[in-house]
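# Chains, contacts and geometry: an overview
This is what each chain is made of:
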Amino acid sequence: MAGGGHSHLLYLHRAGPVHRLPPEVKIAAMVAFTLVVVATPREALWAFAGFAAIVVVVAALARIPAGWLARRALIEVPFVIFALALPFLGGGDRVAWLGLQLSVDGLYGAWNILAKGTLGVLASLILAATTSARDLIVGLDRLRCPTILTQIATFMLRYLEVLTGEAQRMRVARISRGDDPRFLWQLRGFAAGVGALFLRAFERGERVYLAMLSRGYDGRMPAAWQATGAAGARQWTLAATVPVFAAGIAVAAVLMP
């Protein structure tokens, strides 16, 4: 199942220490770092500056351009809009600013969403930029993620381009016959095409599953699929420096608010 040709929308091909780490240690480090950030009191403003510094250092080691991260972090814009409304909608004590009466609790709530959400998004983007989609699935499997979930993700990755190509060919066939889904009265043909694509995908899945059973499939993917070696103690220790430093900052924030 290690076939090539898959497009990795977020993966950046680089040669660096972060890219070379096994996927399981990067996943574990990212999750641990995010949990530490979420657990940090929102009032400890300086702590989030420390977390941001950790993200900047890791991004620099991974040679990820700041512009690349900034553009893809725009996915959190809906949450930013919601956060900006909290100072006006929140209750409790209020403070005057530029003629506006803002809720103190709402200001902290907005800061909490912006700071923790942004750090979480950036950490996830760094993981995606340094780990291919295939290796992410391998890492989840090594971390004992439920087998059925990793195998579903594996086949989604394997056949995503196949289904995309088939959908594109069906679209070209419709347009060549005078169909244009931009017009409301032609949505029926578009819906029929979606249904046909679903049936083709279902039938293809059935054929693939039967072929796997005939080749001895027993519920787990063969070990040969995991081409990269498992992480050693040194690699786990190296990756653990990120959540350990973050945990140190969080503990200091709790003890010295």
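Whatever comes next refers back to the structure up there.
Residues numbered from 1 in each chain as written. Predicted model: local features only at pLDDT ≥ 70, side-chain atom pairs only at ≥ 80, totals over all residues. Heavy atoms only, no water.

Ranked by internal contacts, the top residues of the largest apolar core, which has 32 residues, are Phe33, Phe51, Ile64, Trp68, Leu69 and Ile126. Secondary-structure elements contributing two or more residues to this core are α2 (23-39), α3 (45-61), α4 (66-72), α6 (104-130) and α10 (233-255). Per element, the largest residue contribution to this core is 8 residues, and it comes from α6. Apart from residues no more than four positions distant in its own chain, Ile64 is found in contact with Leu12, Ala59, Leu69, Ile126, Ala129 and Thr130. Counting residues in hydrophobic clusters, the runner-up holds 5 residues, among them Val25, Ala29, Ala231 and Ala239. (Core = buried A, V, L, I, M, F, W, Y, C linked by side-chain atoms within 4.5 Å. Buried < 20%, exposed > 50% of the residue type's maximum accessible area, 1.4 Å probe, protein only. Helix = DSSP H or I, 4+ residues; strand = E, 2+ residues; numbered from the N terminus. Contact = heavy atoms within 4.5 Å.)

In this structure the tally under the stated criterion is 3 aromatic pairs. Plain terms: the ring middles of Phe33 and Phe51 are 6.1 Å apart, the flat faces sit at 85 degrees to each other, and that makes the pair edge-to-face. One end of the pair, Phe33, is in helix α2; the other, Phe51, is in helix α3, with 18 residues separating them in the sequence. Between the aromatic rings of Phe48 and Trp111, the centroid separation amounts to 5.7 Å while the plane-to-plane angle is 90 degrees, which identifies the pairing as edge-to-face. (Phe/Tyr/Trp six-rings, centres within 6.5 Å; stacked < 30°, edge-to-face > 60°.)

Before going further, it helps to examine the pairing of strand β1 (residues 94-97). The sheet contact formed by β1 and strand β2 (residues 100-103) spans 4 bridges and is antiparallel. Looking at the pairing, Ala96 lines up with Gln101 of β2. Here β1 folds back onto β2 in antiparallel fashion, the turn holding 2 residues, of which Leu98 has a positive phi close to 55 degrees. (Pairing = 2+ DSSP bridges.)

Applying the stated criterion across every chain yields a total of 4 salt bridges. One salt bridge connects Glu43 with Arg42, and the closest N-O pair in it is separated by 3.4 Å. Using a relative accessible area of 45% as the deciding quantity, one classes Glu43 as partly exposed. Look at Arg42 and you get partly exposed, because its relative accessible area is 23%. Three or more residues are tied together by salt bridges with common partners; here these are Arg42, Glu43 and Asp105. (Salt bridge = Lys/Arg side-chain N within 4 Å of Asp/Glu carboxyl O.)

Moving on to unusual backbone geometry. One non-glycine residue, Arg63, lies in positive phi territory at about 55 degrees. With respect to the secondary-structure elements, Arg63 resides in the loop between α3 and α4. The backbone of Arg144 sits at a positive phi, close to 65 degrees, despite the residue not being glycine. The topology assignment puts Arg144 in the loop between α7 (133-142) and α8 (147-176).

Turning our eyes to something else, we now look at α10. Across its 23 residues, α10 extends 31 Å between first and last C-alpha, which sits within 8% of the 33 Å expected from 1.5 Å per residue. At Thr241, α10 shows its largest kink, close to 35 degrees, and the proline Pro243 lies no more than four residues downstream. Every buried residue of α10 is listed here: Ala239, Pro243, Ala246, Ile249, Ala250, Ala252 and Ala253. Residues of α10 that are buried sit in contact with α2 and α3. (Expected span 1.5 Å × (residues − 1). Bend = angle between axes of the 7 residues up to and from the residue.)

These figures come from the coordinates and say nothing about function on their own.
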